[in-house]
Amino acid sequence: MRVGQGKQDEAVDWVEVPGGLLLRGTPAEEVAAVARRYADTGVPREWYLKEAPRAEVHVPAFRIARTPVTVGQWAPFAAATGRPAPRGVADHPVIGVAWEEAAAYCRWIGARLGCAVRLPTEDEWERAARGADGREFPWGREYRTGLANLTDLGIGTTTPVGSFPQGASPFGVLDMAGNADEWTSTLYAPYPGAPEEVPVTEDWAHDRHVTRGGAFRHDRDLARCARRHGAYERDLAAIGVGFRLAAPAAPVG
């Protein structure tokens, strides 16, 4: 185990995301085509239906961390709060973190930084990942191997955060696809106007909070900006669940 220590590990590289339009989700009439496009992943059409319908949503300005919380950033929190020391390399994303633990870290680092740190909402996460143009992936409309740490690279574990700068989102946010799946603060519910087949609840989920982005063990379908999923297994380390920070927009002036 190699972890970082000290104040340098508490710094957050914030990206300011201006208030603006989000073309959230996927048009219902395009869901079948999306399912066919990713048929090789074995994901059923019903899972993509949770993205419908497409809606124009205004997302107020906010800040989001450029990369997920790392092992080195988690280590001081673990030491200060009596939690087990994290396993892994300091500049890799911390994974295996339960939602409640991620929220606790937000409160802890927020108190130290003097701002209201929290997990991003689902809409904020998608806005940071895709901007305003409805792109399918953070870098554009087409999937390209080598722009994210997903199963097609064959690495089989996490990589240092920010290792794929060409896969950045329109705002310069990194690792929005692959490496570590990311908690949001949003509990799963169908979007307003969702198709009738979309489940009202997901009682089979280990945790009902929506996760986004996919991890190193996932196929390219989970790297799609619109893809909504969750923690369906109890072993959060095995499925690569981590998180990144959000906060209110920086004061003007």
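Model, not experiment: these values are computed from the prediction. (Residues numbered from 1 in each chain as written. Predicted model: local features only at pLDDT ≥ 70, side-chain atom pairs only at ≥ 80, totals over all residues. Heavy atoms only, no water.)

## Some thoughts on helix H5 (residues 122-130)
Alright, step 1. The element H5 is extensively covered by neighbouring structure, given that 8 of its 9 residues are classed as buried.
Alright, step 2. Every buried residue belonging to H5 is among Glu122, Glu124, Trp125, Glu126, Arg127, Ala128, Ala129 and Arg130, and all of these are buried.
Alright, step 3. In the segment just after H5, Gly131 is the residue with positive phi, at about 70 degrees. (Buried < 20%, exposed > 50% of the residue type's maximum accessible area, 1.4 Å probe, protein only. Helix = DSSP H or I, 4+ residues; strand = E, 2+ residues; numbered from the N terminus.)

## Quick notes on the pattern of salt bridges
Pairing is possible between side chains that carry opposite charge, provided their charged atoms lie close to one another.
Alright, step 1. On inspection of all chains with the given rule, the structure shows 18 salt bridges.
Alright, step 2. The partner of Glu16 in a salt bridge is Arg63, with the nearest N and O atoms 3.8 Å apart. In this pair, Glu16 is assigned in strand E1 (residues 14-17) and Arg63 in strand E4 (residues 62-65), connecting sequence segments 47 residues apart.
Alright, step 3. According to the relative accessible area criterion, Arg63 is buried, its value standing at 14%. (Salt bridge = Lys/Arg side-chain N within 4 Å of Asp/Glu carboxyl O.)

## Details of the sheet that holds strand E8 (residues 241-242)
Alright, step 1. Spatially, E7-E6-E5-E8 is the arrangement adopted by the 4 strands of the open sheet, whose pairing is mixed. The two strands at the open ends of the sheet, each matched to only one other strand, are strand E7 (229-231) and E8.
Alright, step 2. In the sheet, strand E5 (residues 181-187) pairs with strand E6 (residues 207-212) via 3 bridges, with the strands oriented antiparallel. Bridge pairing in E6 places Leu187 opposite His209.
Alright, step 3. Of the strands in this sheet, E5 and E6 touch helix H4 (residues 99-113), which is tilted by about 85 degrees from E5. (Pairing = 2+ DSSP bridges. Contact = heavy atoms within 4.5 Å. Axes fitted to C-alpha atoms, helices over the stretch in contact; angles between N-to-C directions.)

## Things to note about the nonpolar core
Alright, step 1. If you look at the biggest cluster of nonpolar residues, it comprises 28 residues, and the most contacted ones within it are Trp74, Val94, Tyr105, Leu119, Trp183, Phe243 and Leu245.
Alright, step 2. Within the residue set of this core, elements represented by two or more residues are helix H3 (71-81) and H4.
Alright, step 3. When residues in this core are grouped by element, the largest group, 8 residues, is from H4.
Alright, step 4. Not counting chain neighbours up to four residues away, the residues in contact with Leu119 comprise Trp99, Ala102, Ala103, Cys106, Trp183, Thr184, Ser185, Phe243, Arg244 and Ala246.
Alright, step 5. Of all hydrophobic cores here, the second largest spans 19 residues; its members include Val31, Val43, Phe137 and Tyr143. (Core = buried A, V, L, I, M, F, W, Y, C linked by side-chain atoms within 4.5 Å.)

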